Amino acid sequence: MEMDFERCYRAVDSRDQRFDGWFYTGVTSTGIYCRPSCPAITPKRQNVRFFPSAAAAQGAGLRACRRCRPDAAPGSPLWDVRADVVGRAMRLIADGVVDRDGVPGLASRLGYTERHLHRMLSAEMGAGPLALARAQRAQTARILIETTDLAMAEIAFAAGFGSVRQFNDTLREVYASAPSDLRTARGRQQAPAGAGTIALRLAYRPPLHARALLDFLAVRALPGVEAVRDGAYHRGLRLPHGTGQVALTPADGHVTATLRLADLRDLAPAVARCRRLLDLDADPAAIDVTLAADPALAPAVTAEPGIRVPRAVDGFELAVRAIIGQQVSVTSARTTLTRLLSHRVDHEVDAADGDQTPGQPHDQRDESGGELRGFLSAEELLALPDSGFGMPVGRREALRGLARAVLDGSVDLAAGVDRGEAVRRLLALPGIGPWTANYLAMRAFGDPDVFLSSDLAVRRGAAALGLPDTPPTLDRYAERWRPWRSYATIRLWRAA
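Below you will find a few notes about this structure.

What counts and what doesn't
Residues numbered from 1 in each chain as written. Predicted model: local features only at pLDDT ≥ 70, side-chain atom pairs only at ≥ 80, totals over all residues. Heavy atoms only, no water. Helix = DSSP H or I, 4+ residues; strand = E, 2+ residues; numbered from the N terminus. Buried < 20%, exposed > 50% of the residue type's maximum accessible area, 1.4 Å probe, protein only. Contact = heavy atoms within 4.5 Å. Areas by Shrake-Rupley, 256 points an atom, 1.4 Å probe, with all protein chains shown as cover. Lys, Arg positive; Asp, Glu negative; His and termini not counted. Charge placed at Lys NZ, Arg CZ, Asp CG, Glu CD. Salt bridge = Lys/Arg side-chain N within 4 Å of Asp/Glu carboxyl O. Disulfide = S-S within 2.5 Å. Phe/Tyr/Trp six-rings, centres within 6.5 Å; stacked < 30°, edge-to-face > 60°. Lys NZ or Arg CZ within 6 Å of the ring centre and 35° of its normal. Pairing = 2+ DSSP bridges. Axes fitted to C-alpha atoms, helices over the stretch in contact; angles between N-to-C directions.

This next bit is on the overall build of the protein chain. Regarding its fold elements, the protein chain presents 23 helices and 9 strands. Its C-alpha atoms put the protein chain at 70 × 65 × 45 Å along the principal axes. Per-residue burial over the protein chain gives 54% buried out of 496 residues. In the protein chain, the proportion of contacts linking residues at least 24 apart, taken out of those at least 6 apart, comes to 67%. Accessible surface computed for the protein chain: about 20900 Å², of which carbon and sulfur atoms make up 51%. Between the mean site of the 63 positive side-chain charges and the mean site of the 57 negative ones, the protein chain shows a separation of 4 Å.

Below is the structure:
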């Protein structure tokens, strides 16, 4: 990752928060690293070094600034734009793959040797996969220290450290403070009520059009899984070590996330998935400049800056939604999905532990509150009877084919997937066409440059703006929106 010194220094001198997460400023005279927007006095040129990652700054012997909290900056938007191995690796590291499967597991997922992966990440990020994961563990540990009353040993293992000693040494090195000092610095702030409950702020680059996000999610919300109420989005989560619930409330400069987790080791992947869902690592200024250059979109960009692409916390969930949503209205798809969920079978409930017995449908809570659960897993979908689908046979079998492909590993729907290969494998499955595969590329895989020219709502939006509304001509017109055609798609949906 090449960084021009003069451009980076100007960003630091102007305290431009748009560059937070793009790079980190190391100050050799003080031994700290900061965000570009740090409010401290601008350091002298001869005392400044720039780093592509927090891990690289830590590797140079610098500690995190206590004033600007560089570890809590938005992630780099590069990992959304880039579909290469480094971009995929960064998305998987953020999702906790190294903590769960180690560097060998990450390398296997990417199809490279550990040595070659380390060489690529070191060249681009200034640090290898283990150092990048270590920086993330330190941030996770700090969140747990400051937002819970857990014992330090519990926090160490929940954050992914192999030992308490490793935990203590890392936090002293990264923050120049003992873990107990970080908790003392929290002051009298009380930890959130309830076991496993964590409250934190998710930073983003302004502007953020929160209403557009909430509107999109609300009209598609599934009872028992998600709900939009009181200006917040609530949903259940299916995570690597257990289940969870989250409430995401947009605020000025950040989104407040209140998480309740069955296993605190899931904090890092839960945060990564919530950020991905709301597209919080995007660079809206760059996106809006490109789209506003088109006179047809310029008024909408001016009226509604910061439109994001609503993404997903679960690739399989979005794939099921996409297949059911083919050629039907949003309302009709929601009705079918609600019926499908009402036939969910719980194979984990012991009959001796309550009234439910294995094989009974779950009671779905209504949207006014109560427990929310993650969406169906592939195993649960395959366990549903034919009567639980309520759709044509071809579509039912397409869902089952997808579930079998996910379980046998022939289709990968994770965030760090090779986007092109994933689309090709999806298209090879019966019942999945170009619209469905590209819809998943946009929302599940995070491709910022997907355009759904055949989508009826996109064509209606184009017609409303006086643009061509036939797929071939609209495709040609959309070339001017590269590399942000996914964001143009969202704006055309809103225009419709």
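Once the structure has been displayed, the description carries forward.
Let us look at the pattern of salt bridges. Under the criterion given, the structure shown has 33 salt bridges. Asp386 is paired through a salt bridge with Arg396; the nearest N and O atoms lie 3.8 Å apart. Of the two residues, Asp386 is situated in the loop between helix 17 (378-383) and helix 18 (393-407) and Arg396 in helix 18; the sequence distance between them amounts to 10 residues. Of the charged contacts, one joins Asp386 and Arg400 as a salt bridge, the two residues approaching to 2.7 Å between their closest N and O atoms. Of the two residues, Asp386 sits in the loop between helix 17 and helix 18 while Arg400 sits in helix 18, which places them 14 residues apart along the sequence. Taking relative accessible area as the criterion, Asp386 reaches 43% and is therefore assigned partly exposed. What emerges from the salt-bridge pattern is a single network uniting Arg69, Asp71, Arg142 and Glu146.

Here we take up the state of the cysteines. For the structure on display, the rule yields 0 disulfides. No disulfide involves Cys34; its sulfur sits 3.9 Å from that of Cys65, the nearest cysteine.

Moving on: the packing of aromatic side chains. In the structure shown here, the tally under the stated rule is 12 aromatic pairs. The interplanar angle of 65 degrees and the centroid separation of 5.7 Å between the aromatic rings of Phe161 and Phe167 together place this pair among those described as edge-to-face. Three or more aromatic residues joined by ring pairs make a cluster, and in this case those are Phe5, Tyr9, Phe19, Phe23 and Phe50. Above the ring of Phe216, the side-chain terminus of Arg220 is found at 3.7 Å from the ring centroid. Looking at Arg480, its charged tip hangs above the ring of Tyr477, at a distance of 3.6 Å from the centre.

It is worth spelling out the pairing of strand 7 (residues 232-239) at this point. Burial analysis of strand 7 places 7 of its 8 residues in the buried class, the great majority of the element. As paired strands, strand 6 (residues 226-229) and strand 7 are joined by 4 bridges and run antiparallel to one another. Its bridge partner being in strand 7, Glu226 is matched across the sheet by Arg235. Here strand 6 hands over to strand 7 after 2 residues, with Asp230 in that stretch at a positive phi of 55 degrees. In this sheet, strand 8 (residues 242-251) lies alongside strand 7 in antiparallel orientation, the contact comprising 7 bridges. Bridging from a neighbouring strand, Arg238 pairs with Thr243 of strand 8. Counting the residues in the hairpin turn of strand 7 and strand 8 gives 2 residues.

Okay, the sheet that holds strand 6 next. Reading across the sheet, the 5 strands line up as 5-9-8-7-6 and stay open at both edges, with antiparallel pairing between neighbours. Looking at which strands have only one partner, the edges of the open sheet turn out to be strand 5 (197-203) and strand 6. In this sheet, neighbouring strand axes are inclined to one another by 20 degrees on average, regardless of whether the strands run parallel or antiparallel.

Before going further, it helps to examine the side chain of Thr489. Locating Thr489 in the fold gives a position in helix 23 (residues 485-495). Ignoring anything within four residues of it in the chain, the contact list for Thr489 reads Met442, Val450, Phe451, Leu452 and Val458.

Attention shifts here to the pairing of strand 5. By the criterion of burial, strand 5 is predominantly enclosed, with 5 of the 7 residues buried. Here strand 5 pairs with strand 9 (residues 254-261) via 7 bridges, running antiparallel. By the bridge assignment, Arg201 is partnered in strand 9 with Thr256.

With respect to the element layout, Leu171 can be found in helix 9 (residues 164-175). Residues Leu171 and Ala464, spaced 293 residues apart in sequence, show a C-alpha to C-alpha distance of 55 Å.

Okay, unusual backbone geometry next. Outside of glycine, negative phi angles account for most residues, and trans bonds account for most peptide bonds. Residue Pro206 is joined to Pro207 through a cis peptide bond whose omega torsion reads 0 degrees. When you line up the elements, Pro207 lands in the loop between strand 5 and helix 11 (210-219). Backbone torsion omega between Arg482 and Pro483 reads 0 degrees, so that peptide bond is classified as cis. At Arg69, a position not held by glycine, the phi torsion is positive, near 50 degrees. Of note, Arg69 is situated in the loop between strand 4 (63-64) and helix 3 (78-81). Positive phi, close to 55 degrees, is recorded for Asp279, a residue that is not glycine.

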